[in-house]
Each structure stands twice: as structure tokens, then as C-alpha cells.
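Each chain, written out:
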Amino acid sequence: HIIMSDQNIKVCCRFRPVNKIELKSKGHKIVAKVGNDCKSVTVGSGKKSKTFNFDYIFPSNSTQETVFNYSALPLVDQVMAGYNCTLFAYGQTGS
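## Here we look at the packing of helix α2 (residues 64-71) against helix α3 (residues 73-80)
- As a packed pair, α2 and α3 sit with axes 4 Å apart at the nearest point and diverge in direction by 40°. One element, α2, and the other, α3, form an angle in the oblique class. In this structure, α2 contributes Phe 68, Asn 69, Tyr 70 and Ser 71 to the contact, and α3 contributes Leu 73, Pro 74 and Leu 75.

## Some points on the packing of aromatic side chains
- Summed over the entire model, instances satisfying the criterion amount to three aromatic pairs.
- Their ring planes at 75° and their centres at 5.0 Å tell us that Tyr 56 and Phe 58 sit as a pair that is edge-to-face.
- Residue classification places Tyr 56 among the buried positions, given a relative accessible area of 14%.
- For Phe 58, a relative accessible area of 2% puts it in the buried group.
- Between the aromatic rings of Phe 58 and Tyr 70, the centroid separation amounts to 5.6 Å while the plane-to-plane angle is 80°, which identifies the pairing as edge-to-face. Note that Phe 58 is positioned in strand β5 (residues 56-58) and Tyr 70 in helix α2, a separation of twelve residues in sequence. Tyr 70 matches Phe 58 in its accessibility class, with the two residues each being buried.
- Each residue in the set Tyr 56, Phe 58 and Tyr 70 is aromatic and connected to the rest through ring pairs, giving one cluster.

## Section: the side chain of Ser 62
- Turning to its location among the elements, Ser 62 is positioned in the loop between β5 and α2.
- Those residues in contact with Ser 62 that lie beyond four places of it in its chain are Arg 14 and Val 67.

## Here we look at the pairing of strand β3 (residues 40-43)
- Sheet topology note: the strand β2 (residues 32-34)/β3 ladder contains three bridges and is antiparallel. Note that in β3 the partner of Lys 33 across the bridge is Thr 42.
- Counting the residues between successive antiparallel strands, the hairpin from β2 to β3 contains five residues, one of them, Cys 38, with a positive phi of roughly 55°.
- The pairing of β3 with strand β4 (residues 50-53) spans four bridges and is classified as antiparallel.

## Brief notes about unusual backbone geometry
- For Cys 38, which is not glycine, the phi torsion reads 55° and is therefore positive.
- Mapped onto the secondary structure, Cys 38 falls in the loop between β2 and β3.

## A few points about the sheet that holds β3
- With respect to topology, three strands assemble into an open sheet ordered β2-β3-β4, the strand pairing being antiparallel. In this open sheet, the two edge strands, each paired with only one partner strand, are β2 and β4. Pairwise comparison of adjacent strand axes, ignoring direction, gives a mean angle of 25° for this sheet.

Quick notes on the rules
Residues numbered from 1 in each chain as written. Predicted model: local features only at pLDDT ≥ 70, side-chain atom pairs only at ≥ 80, totals over all residues. Heavy atoms only, no water. Axes fitted to C-alpha atoms, helices over the stretch in contact; angles between N-to-C directions. Helix = DSSP H or I, 4+ residues; strand = E, 2+ residues; numbered from the N terminus. Parallel < 35°, antiparallel > 145°, perpendicular 65-115°, else oblique. Contact = heavy atoms within 4.5 Å. Phe/Tyr/Trp six-rings, centres within 6.5 Å; stacked < 30°, edge-to-face > 60°. Buried < 20%, exposed > 50% of the residue type's maximum accessible area, 1.4 Å probe, protein only. Pairing = 2+ DSSP bridges.

Below, the structure is given as C-alpha cells:
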């Protein structure tokens with residue numbers, strides 16, 4: 001179960017799963033490893049690796065409903081209570 005904090009700004013990531021074309025062509029390589037806490041991601045390996053921290057990282061098998069419930073639903077409640085809110089989504093959304 002995911003719990004939202006009461007901070008004003010939250011940064012989350014979602015990495016898409018490998019698709020069928022990539023699997024078939026064996027043209028895929030996992031370059032980002034999500035930490036067990038779902039709050040950190042390591043890119044690269046060895047001495048050249050870099051770790052980044054986020055409020056939450058959705059596993060690649062997360063459903064749209066899970067992402068919505070964590071990211072957007074609390075904002076809907078705030079808007080209905082009269083507050084201004086913004087949800088900024090960047091990347092390959094729905095393509």
C-alpha cells in the first residue's frame with residue numbers, strides 16, 4: 001500500500017516494461033535498476049553508475065489505476081476542496 005506524504009511537490013517515475021518487439025529482436029537492455037524501496041534507481045554499472053532518488057518509482061508492471069490512485073487522485077480531492085493543483089506528466093504517455 002502506497003502512502004502519500006504531506007509535502008507540496010512530489011516527483012515520481014515509471015519505467016515502461018520491455019515490449020514484444022524488443023523481446024523478439026533481443027534488442028533490449030535494462031539500463032536502470034529500481035531499488036527495493038521503490039524510491040531509488042541506479043543507471044549504469046560499476047564505477048560509472050549513478051543513483052537517483054525520487055518520492056516513488058512505479059514498478060514497470062504498475063497499472064494505470066495504480067499510477068492514477070497515487071499521483072492524481074489526491075489532487076482531485078484537493079481541487080474539490082478548493083485548492084489549486086498541477087499534475088505534470090512528461091514522457092511517453094499513452095503512445
